[in-house]
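# Architecture at a glance
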Amino acid sequence: MTDQQDGEKATNPMELYEKLAAQGDQVRTLKTAKADKDEIEAAVQLLLKLKVEYKQASGQDYKAGCPPSENSGGAYNGPAADGADDQDTVDPWNVSTTNAKGVDYDKLIVRFGSSKINQELVDRIGRVTGRRPHHFLRRGIFFSHRDMHQVLDAYEKHKSFYLYTGRGPSSEAMHVGHLIPFIFTKWLQDVFDIPLVIQLTDDEKYLWKDLSIEDCQRFAIENTRDIIACGFDVNKTFIFSDLEYMGSSPEFFRNVVKVQKHVTFNQVKGIFGFTDSDCIGKISFPATQAAPAFSNSFPEIFGSRKDTQCLIPCAIDQDPYFRMTRDVAPRIGYPKPALMHSTFFPALQGAQTKMSASDANSSIFLTDTPKQIKNKINKYAFSGGKDTVEEHRKYGGNTEVDVSYMYLTFFMEDDERLEKIRQDYASGTLLTGELKKILIETLQPIIAQHQERRKRVTDETVKQFMTPRPLNFKI
């Protein structure tokens, strides 16, 4: 499968690379099956045509197992043309832009070679589930996908799938931005009635951060309490720590090794920007994040089945891991995982960066008191209003850069009220202080309710979720 509809010509090197890999598989399949000579010839001609297009787009010859290099226009984290002033930096560790409106997601879709979640897909999800699409879908917060139509096609034929998402536990307390993928994943679990695996990459944090293994494991448990407090079904959810689970699961580790064998050092350097001074743990880690996308990594849940497709809801900065995974999957006999990508939750200081758990003033933490929430929003939330009340009344505020309004798009479910706020702020009827007050009154009860649910998460509850076991589902 490719991420473009038939008949479209891909110009992104990564898209072309994936199409080439799939076409190569098709040619091999036809030859093995001793298909009609004309059919094989047509497939070979298409393969040659794609190779020419790939060289034109990437400046390099196609080589199986070697995705576009970092210097090609469509590399995993490839930069825009030299001299571009508005280039966004988006990779698994860094997100930044010079634009006060935030990352240009339309450009990112082109650069990463994914597909836009358009109104047609949103409507289809509503029809298939029989439920109103989540406001994250209605508002474009989840904005990009890979193979979601394929997932829905299979689901309509009563062939189900499972969910996989994750969390890198780098601190004891999570912030509200960390909730976004879990809120949406819970909705997907509820409406599709499917199993979910949640990976805690405590090994990654040990490799990348100045933290002890003991700290990373402790953070993983504390983060698990927050994840459970989101309301996941214990009968359909398995949460696991890499440092704990991989050592006890031969099947999981075998899949890690399979991925490792099929990704070269040059590839991971091109994909993730690793250098010769990076430790070898970083270089091998992407295979660990890939393994949960294959169902037989979890024999307690799926047995030996390796054909159950995976859907990964995540922020788009994690996409490089899964483009690598999708490239490897067919070569080791597994279906490609599908993905749904979210936008970034901006820092209080503005949408040029995402929130950081290491900067207390950039974030609203799930441990913050109502007073702390109020003070942070009033003091730090970037305003799209004018300098004086008179100017604001005359010219109105800019909701495209106003952080308080951006936060409301994530956490206010009422579409009509949100639109009224937008209109009032843009017209100058609503002042910045009044907009901040609305956000404070929206967030305070959400955080307070989360804290209450978290208090009820016992050590025994954590153990339940983190114990490998059969889950209650039909696939």
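Refer to the preceding data block for the structure.
This report concerns the structure included in the present document. Worth saying up front: this structure is predicted, and the values here are computed from it rather than measured.

## Focus: the sheet that holds strand 3 (residues 115-116)
With mixed pairing, seven strands are arranged side by side in an open sheet as 3-4-9-8-5-6-7. The open sheet has two free edges, formed respectively by strand 3 and strand 7 (237-241), since each of these has just one partner strand. Bridge count between strand 6 (residues 196-200) and strand 7: five bridges; the pairing is parallel. Looking across to strand 7, one finds that Ile198 is bridged to Ile239.

## Quick word on helix 4 (residues 119-129)
Burial in helix 4 covers these residues: Leu121, Val122, Arg124, Ile125, Gly126, Val128 and Thr129. Considering only its buried residues, helix 4 is in contact with helix 5 (135-138), strand 4 (142-146), helix 6 (148-156), helix 7 (176-192) and strand 9 (338-342). Just past helix 4, the residue Gly130 takes up positive phi, approximately 70°.

## A short note on the packing of helix 16 (residues 370-380) against helix 20 (residues 432-455)
Where helix 16 meets helix 20, the axes come as close as 10 Å, and the angle between the chain directions of the two elements is 150°. Taken together, the axes of helix 16 and helix 20 lie roughly antiparallel to each other. Where helix 16 crosses over helix 20, the handedness of that crossing is right-handed. Packed against helix 16, whose contacting residues are Pro370, Ile373, Lys374, Ile377 and Asn378, the element helix 20 presents Lys436, Leu439, Ile440, Leu443, Gln444 and Ile447 at the interface. Class assignment of the residues belonging to the contact of helix 16 with helix 20 gives a composition of seven nonpolar, two polar and two charged.

## Points about the environment of Leu207
Among the secondary structure elements, Leu207 is positioned in helix 8 (residues 202-208). The sequence separation of Leu207 and Gln260 amounts to 53 residues, and the corresponding C-alpha distance is 17 Å. Excluding anything up to four places from it in sequence, Leu207 contacts Cys279, Gly281, Lys282 and Phe285.

## Here's the deal with the pattern of salt bridges
If the charged atoms of two oppositely charged side chains come close together, the side chains can form a pair. A complete count under the given rule lists 27 salt bridges for this structure. For Arg139, the salt bridge identified is with Asp415, shortest N-O distance 2.6 Å. In this pair, Arg139 is assigned in the loop between helix 5 and strand 4 and Asp415 in helix 19 (residues 415-427), connecting sequence segments 276 residues apart.

What counts, and where the lines are drawn
Residues numbered from 1 in each chain as written. Predicted model: local features only at pLDDT ≥ 70, side-chain atom pairs only at ≥ 80, totals over all residues. Heavy atoms only, no water. Pairing = 2+ DSSP bridges. Helix = DSSP H or I, 4+ residues; strand = E, 2+ residues; numbered from the N terminus. Buried < 20%, exposed > 50% of the residue type's maximum accessible area, 1.4 Å probe, protein only. Contact = heavy atoms within 4.5 Å. Axes fitted to C-alpha atoms, helices over the stretch in contact; angles between N-to-C directions. Parallel < 35°, antiparallel > 145°, perpendicular 65-115°, else oblique. Left-handed = near helix turned anticlockwise from the far one by under 90°. Nonpolar A, V, L, I, M, F, W, Y, C, P; charged D, E, K, R; others polar. Salt bridge = Lys/Arg side-chain N within 4 Å of Asp/Glu carboxyl O.

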